[in-house]
Amino acid sequence: MLCSPLLVKPLAKQVANIAEPVSKLERLTPPLKWAGGKRWLVPHLQKTWQKYRNYRLVEPFCGGLAIALGLQPHQALLNDINPHVVNFYKCLQRGLKLDIEVQNEREFYYTQRVEFNRLIQLGKSNTPKAAQLFYYLNRTGYNGLCRFNRNGGFNVPFGRHRTINYTEDFSAYKLAFAEWTFTNVDFAKISVSASDFIYADPPYDVEFRQYAKNGFEWSEQERLAHWLAQHSCPMIASNQATPRILELYQDLGFNIHILNAPRRISCNGDRVPAKEMLAYKGFAKELELS
């Protein structure tokens, strides 16, 4: 997911570019690249959200912020299990500007990755410098992946992009985030009220689950679904429509809708559209999307 630049100026001896800040809220796009991002899903949620736009949007797994920036709630509680994502958003909330060098170059990338992991080991992962390095690694690494090993080290390889548009000034996001709260807690610690609208998009029930240091195993999928089911406010959960995910949410009383996601999966050499589940609870039937 790329930020939309207004002006681009080349960096000497680099194939990277620096973009000026976007100036209008409606033009803001997710500031990070995000594998499996949900911009495509916003139109499917908009109709239902319009009925609740005065509610606080609660996202236990805010990820790349595609949904929050797409729905533009006045108030939001945006949580994520990845502390580096949350630190980056909190720094944007304070008006982040890049003051580190950026290069779309292999050896430079790995040097910066070592520095980022050094900050993690020193307990300085919640600093503006760590936020800037995280942004650089995200934009320069492979395919927008956000992956950590079990020691907490960022281990995404160099991405080999032909060109990259880096955003230098994130001032516009400060205004957009003014009434939003960012947290990094276990989802079960989030306090939810009847005037909240929950959208839950956890790491998918697929083989790769190392989005954060401790991963997200099947027991966590079950714990999340049961936590969601105990609330009476309107909520939507998304996940890959695996048989056990569908059974889990159906058994808990969610109404299930299946969509074709804009990504493909291999099956016996064929690439077929991935199936996405939207699980609804707490709505009048006519407000759900088909």
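Residues numbered from 1 in each chain as written. Predicted model: local features only at pLDDT ≥ 70, side-chain atom pairs only at ≥ 80, totals over all residues. Heavy atoms only, no water.

A. Looking closely at the overall build of the protein. On a plain count of helices and strands, the protein comes out with eight helices and ten strands. The buried share of the protein, taken over its 290 residues, is 52%. Summed over its atoms, the accessible surface of the protein is roughly 13,800 Å², and 48% of this surface lies on carbon and sulfur atoms. (Helix = DSSP H or I, 4+ residues; strand = E, 2+ residues; numbered from the N terminus. Buried < 20%, exposed > 50% of the residue type's maximum accessible area, 1.4 Å probe, protein only. Areas by Shrake-Rupley, 256 points an atom, 1.4 Å probe, with all protein chains shown as cover.)

B. Examining the nonpolar core more closely. Ranked by internal contacts, the top residues of the largest apolar core, which has 60 residues, are L65, F88, Y89, F116 and F177. In terms of residue count, the dominant contributor to this core is helix α5 (residues 128-140) (seven residues). The residues touching F177, leaving out its near neighbours within four places in the chain, are L65, L69, Y89, L92, Q93 and F182. I198, W227, L246 and F254 belong to the second-largest nonpolar core, a separate cluster that totals 25 residues. (Core = buried A, V, L, I, M, F, W, Y, C linked by side-chain atoms within 4.5 Å. Contact = heavy atoms within 4.5 Å.)

C. Looking closely at the packing of aromatic side chains. Applying the stated rule across the entire model yields 29 aromatic pairs. Note on F88 and Y89: the rings are 5.8 Å apart at their centroids and 50° apart in plane angle, and the pair reads as tilted. On the basis of an interplanar angle of 40° and a centroid distance of 5.4 Å, the ring pair of Y89 and F182 is categorised as tilted. With Y89 in helix α3 (residues 83-93) and F182 in strand β6 (residues 180-183), this pair connects stretches of sequence that are 93 residues apart. Here the two residues Y89 and F182 agree in accessibility, since each one is buried. (Phe/Tyr/Trp six-rings, centres within 6.5 Å; stacked < 30°, edge-to-face > 60°.)

D. Molecular detail of the packing of α3 against α5. Where α3 meets α5, the closest approach of the two axes is 9 Å, and the angle between their N-to-C directions is 110°. The angle between α3 and α5 falls in the class roughly perpendicular. Judged by residue contacts, H84, V85, N87, F88 and C91 of α3 engage P128, A130, A131, F134 and Y135 from α5. (Axes fitted to C-alpha atoms, helices over the stretch in contact; angles between N-to-C directions. Parallel < 35°, antiparallel > 145°, perpendicular 65-115°, else oblique.)

E. Fine view of the confidence of the model for the protein. This prediction gives the protein a mean pLDDT of 87; 83% of its residues lie at or above 70. Overall, residues 1-24 carries pLDDT values under 50, and its contacts beyond four positions in sequence, including any with other chains, amount to 67 contacts. (pLDDT = per-residue confidence, 0-100.)

F. Representation of the side chain of Q112. Examined against the element boundaries, Q112 turns out to sit in helix α4 (residues 106-121). Among residues more than four places away in sequence, those in contact with Q112 are E101, L133, Y136 and L137.

G. Structural detail: the pattern of salt bridges. By the definition in use, this model includes nine salt bridges. When the shortest N-O distance is used, the salt bridge between D186 and R223 registers 2.6 Å. Linking D186 in the loop between β6 and β7 (196-200) with R223 in helix α7 (residues 218-229), this pair joins segments that are 37 residues apart in sequence. On the basis of relative accessible area, D186 is assigned to the partly exposed category, the value being 28%. Given the relative accessible area of 30%, R223 is considered partly exposed. R223 is the salt-bridge partner of E220, the closest N and O atoms lying 2.8 Å from each other. Taken together, the residues span about one helical turn, with E220 and R223 both in helix α7 at a distance of three residues. Because the salt bridges share partners, they merge into one network encompassing K38, D201 and E276. (Salt bridge = Lys/Arg side-chain N within 4 Å of Asp/Glu carboxyl O.)

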